Amino acid sequence: MKIKKILLWAMVHGDYHPLQTEKEKQINAYMPLISALFPGIDYYSISGFSQVQQDYLVPTLKKLFPELIEMSADDVSATEKVEIKEPFLPCKGYEHQDDPKWKERLDELLEAA
């Protein structure tokens, strides 16, 4: 899956990138990213999406793309795309909520060098 780098930058920085379109600021712009990194994950509502975003997506993006942390908005092109080649941690439905081992595995992956 390919995704615009400005969307990743926005997630990492917790703020919209100045070049994001209104459509790119909506939740559905980020849903494919969550599905690519955590295939099979379910979340029921907007609050569920927010929980997945804050607890799993943002730390994972910081792990996978550490260069974005210090990158200014001016250093990110509106057209550049990044490829997500493989899942970070598959999930079976609500396993992320129901099975503490899933979260433990996520934490292990985030801490790995």
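Please refer to the structure placed before this passage.
Reading the values: rules and limits
- Within any chain, residue numbers begin from 1 and follow the written order of that chain's sequence.
- Local features in this predicted model are restricted to residues of pLDDT 70 or higher, and side-chain atom pairs are both shown and tallied only at a pLDDT of 80 or more, whereas totals for entire chains, interfaces and linings draw on every residue.
- With hydrogens and water set aside, each side-chain value is computed from the structure's full complement of heavy atoms.
- In this description a helix means any DSSP run of H or I spanning at least four residues, a strand means any run of E spanning at least two, and both kinds are numbered starting from the N terminus.
- We take the radius of gyration over the C-alpha atoms and set the globule estimate at 2.2 Å times the residue count to the 0.38 power.
- Throughout, exposure labels follow a simple rule: accessible area from a 1.4 Å probe, protein chains only, divided by the maximum for the residue type, with under 20% read as buried, over 50% as exposed, and the rest as partly exposed.
- Any two residues whose heavy atoms approach within 4.5 Å at even a single point are treated as in contact.
- Each accessible area is a Shrake-Rupley estimate made with a 1.4 Å probe; only the visible protein chains count as cover when residues are assessed.
- Under the convention used here, Asp and Glu are negative, Lys and Arg are positive, and both His and the chain ends fall outside the count.
- Lys charges are placed at NZ, Arg charges at CZ, Asp charges at CG and Glu charges at CD.
- Working note: the arc is built from the helix axis to C-beta atom directions.
- Any carboxyl oxygen of Asp or Glu that lies within 4 Å of a side-chain nitrogen of Lys or Arg is treated as forming a salt bridge with it.
- To estimate how far a helix should reach, multiply one less than its number of residues by 1.5 Å.
- Under this scheme, a helix contributes an axis fitted over its contacting stretch, all axes are lines through C-alpha atoms, and angles between N-to-C directions fall in the 0 to 180 degree range.
- Orientation labels follow simple angle bins: below 35 degrees gives roughly parallel, above 145 gives roughly antiparallel, 65 to 115 gives roughly perpendicular, and whatever is left gives oblique.
- In this scheme, a crossing is called left-handed if the near helix is turned counterclockwise away from the far one by less than a right angle; it is called right-handed if the turn is clockwise.
- Polar here means any residue other than Ala, Val, Leu, Ile, Met, Phe, Trp, Tyr, Cys and Pro, which are nonpolar, and Asp, Glu, Lys and Arg, which are charged; Gly is therefore polar.

Visitor: Tell me about the overall build of the chain, and please be specific about residues and values.
Guide: The helix and strand inventory of the chain stands at 6 helices and 2 strands. Here the chain has a C-alpha radius of gyration of 14 Å; the compact-globule value for 113 residues is 13 Å, and the two agree. Per-residue burial for the chain yields a buried fraction of 40% across its 113 residues. Once local pairs closer than 6 in sequence are excluded, the contacts in the chain between residues at least 24 apart make up 65%. A total accessible area of about 6700 Å² is found for the chain, and carbon and sulfur atoms account for 51% of it. Here the chain holds 13 positive side-chain charges and 19 negative ones, and the gap between their average locations is 5 Å.

Visitor: Requested: an account of helix 2 (residues 27-37), with residues and values cited.
Guide: Listing the buried residues of helix 2 in full gives Ala29, Tyr30, Leu33, Ile34, Ala36 and Leu37. What you see down the axis of helix 2 is that its buried residues fit within an arc of 160°, all on one side.

Visitor: An account of the pattern of salt bridges is needed here, citing residue identities and associated values.
Guide: In total, this model carries 5 salt bridges according to the counting rule given. Salt-bridge contacts for Glu22 lead to Lys25; the nearest nitrogen and oxygen are separated by 3.4 Å. What makes Glu22 exposed here is its relative accessible area of 58%. With a relative accessible area of 26%, Lys25 lands in the partly exposed category.

Visitor: Lay out the environment of Asp75 with the relevant residues and their values.
Guide: Residue placement: Asp75 occurs in the loop between helix 4 (67-70) and strand 2 (81-83). Taking the relative accessible area as the measure of exposure, Asp75 reaches 54% and is therefore exposed. When the C-alpha atoms of Asp75 and Ile6 are compared, they prove to be 9.8 Å apart, with 69 residues separating the residues in sequence.

Visitor: Please give an account of helix 6 (residues 100-111) that cites residues and values.
Guide: For helix 6, which comprises 12 residues, the first-to-last C-alpha distance of 17 Å matches the rise-based estimate of 16 Å (1.5 Å per residue) to within 8%. Of all the positions in helix 6, only Trp102, Leu106 and Leu109 are classed as buried. The buried residues of helix 6 occupy an angular sector of 65° when projected down its axis, which confines them to one face. Every exposed residue of helix 6 that faces more than 90 degrees away from the buried side is listed here: Pro100, Lys101 and Glu111.

Visitor: Run through the packing of helix 3 (residues 46-64) against helix 6, naming residues and quoting values.
Guide: Orientation of helix 3 relative to helix 6, taken along the N-to-C sense of each, is 20°, at an axis distance of 10 Å. Classified by the angle their axes make, helix 3 and helix 6 are roughly parallel. Note that helix 3 runs across helix 6; the crossing there is left-handed. Facing helix 3, whose interface residues are Asp55, Tyr56, Pro59, Thr60 and Lys63, helix 6 presents Trp102, Lys103, Leu106, Leu109, Leu110 and Glu111. Among the residues forming the contact of helix 3 with helix 6, the class breakdown is 6 nonpolar, 1 polar and 4 charged.

Coordinates in, geometry out; function isn't part of it.
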